[in-house]
Amino acid sequence: MPYLRVEDSGDVVSLTSEVTTVGRGQGVDVRLDDPSVSRLHAEIIRRGPYVYVVDLGLSRNGTRVNGRPVARRVLEDGDVVAFGTARCRMGGVPTEDLPTEAELRRPAVPELTRRELDVLASLCRPALSDDAFVAPATAREIAADLVVTEAAVKQHLLRLYQKFRISGGLNRRIRLANEVVALGLVRPADQPAASGFVPDARLPADNEVTGPCA
């Protein structure tokens, strides 16, 4: 059975579930009492005999495997996984001949309009403003930030959920923010963004949306 050993405390957590959450918050499966760790920092996922870690992308401190920053990474027995500065060691992972530094392929970035990029930047800005986890902006906050109607923002968000294949249910904004940060589309203010994206760009007034709001 795969397990995670927390180096500071020596605690051992068996990875019995398909998804094990890691962070500083009260509701996670592996709680790390370290200020460099976000409240919801990462997930460890089991798929058959394989185990991989997914950094949720809402902390500047990130996740590292054997000292290298990762977004998604297949784990092997003995790997040292650092969430911020909190170190853990993987154990109990079946041995298999995997390529060195094996990483899961990231999903392709969908084609996005300038307006959609502006909405994503505003959505993620609160989460990138502090080391600790902060919820992404609401549709109302995005509308105020970009000086457009809330109805227009909701229509843009609906299209973005479809483009990034974010299914319905709870926490869709958080799942969307996780995905775009992990893909490097939106980054902290002190880092350059991908594809020449300027985070401070503003949407013009949007009067073209006439359909119902989500």
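Residues numbered from 1 in each chain as written. Predicted model: local features only at pLDDT ≥ 70, side-chain atom pairs only at ≥ 80, totals over all residues. Heavy atoms only, no water.

Draft legend 1. Region of interest: the nonpolar core. Formed by 25 residues in total, the largest nonpolar core has its most connected members in Leu120, Leu157, Leu160, Phe164, Leu176 and Val180. Looking at this core, the elements that each hand over two or more residues are helix 1 (114–124), helix 2 (139–146), helix 3 (150–163) and helix 4 (172–182). Ranked by residues supplied to this core, first place goes to helix 1 with 5 residues. Excluding residues that lie within four positions of it along the chain, Val180 makes contacts with Leu120, Cys124, Phe164, Leu185 and Val186. (Core = buried A, V, L, I, M, F, W, Y, C linked by side-chain atoms within 4.5 Å. Buried < 20%, exposed > 50% of the residue type's maximum accessible area, 1.4 Å probe, protein only. Helix = DSSP H or I, 4+ residues; strand = E, 2+ residues; numbered from the N terminus. Contact = heavy atoms within 4.5 Å.)

Draft legend 2. Here's a closer look at the side chain of His156. In this structure, His156 sits in helix 3. Judged by relative accessible area, His156 falls into the buried class, the value being 3%. A distance of 3.0 Å separates polar atoms of two side chains, one belonging to His156 and the other to Arg159. (Polar contact = N/O pair within 3.5 Å; in protein donor to acceptor, adjacent residues only side chain to side chain.)

Draft legend 3. Seen up close, the sheet that holds strand 9 (residues 72–74). Taken in spatial order, the 5 strands make up an open sheet running 4-3-5-6-9, and their pairing is mixed. Either end of the sheet is taken by a strand with one partner, and the two such strands are strand 4 (30–31) and strand 9. Two strands pair when backbone bridges link them, and strand 3 (residues 19–23) and strand 5 (residues 42–47) are joined in this way by 4 bridges, in the antiparallel orientation. Considered in strand 5, the bridge of Thr21 is made with Glu43. (Pairing = 2+ DSSP bridges.)

Draft legend 4. Representation of helix 4. Those residues of helix 4 that sit buried are Ile174, Leu176, Ala177, Asn178, Glu179, Val180 and Val181. The inward-facing, buried residues of helix 4 abut strand 9, helix 1 and helix 3. Among the residues trailing helix 4, Gly184 stands out with phi positive, at a value near 80 degrees.

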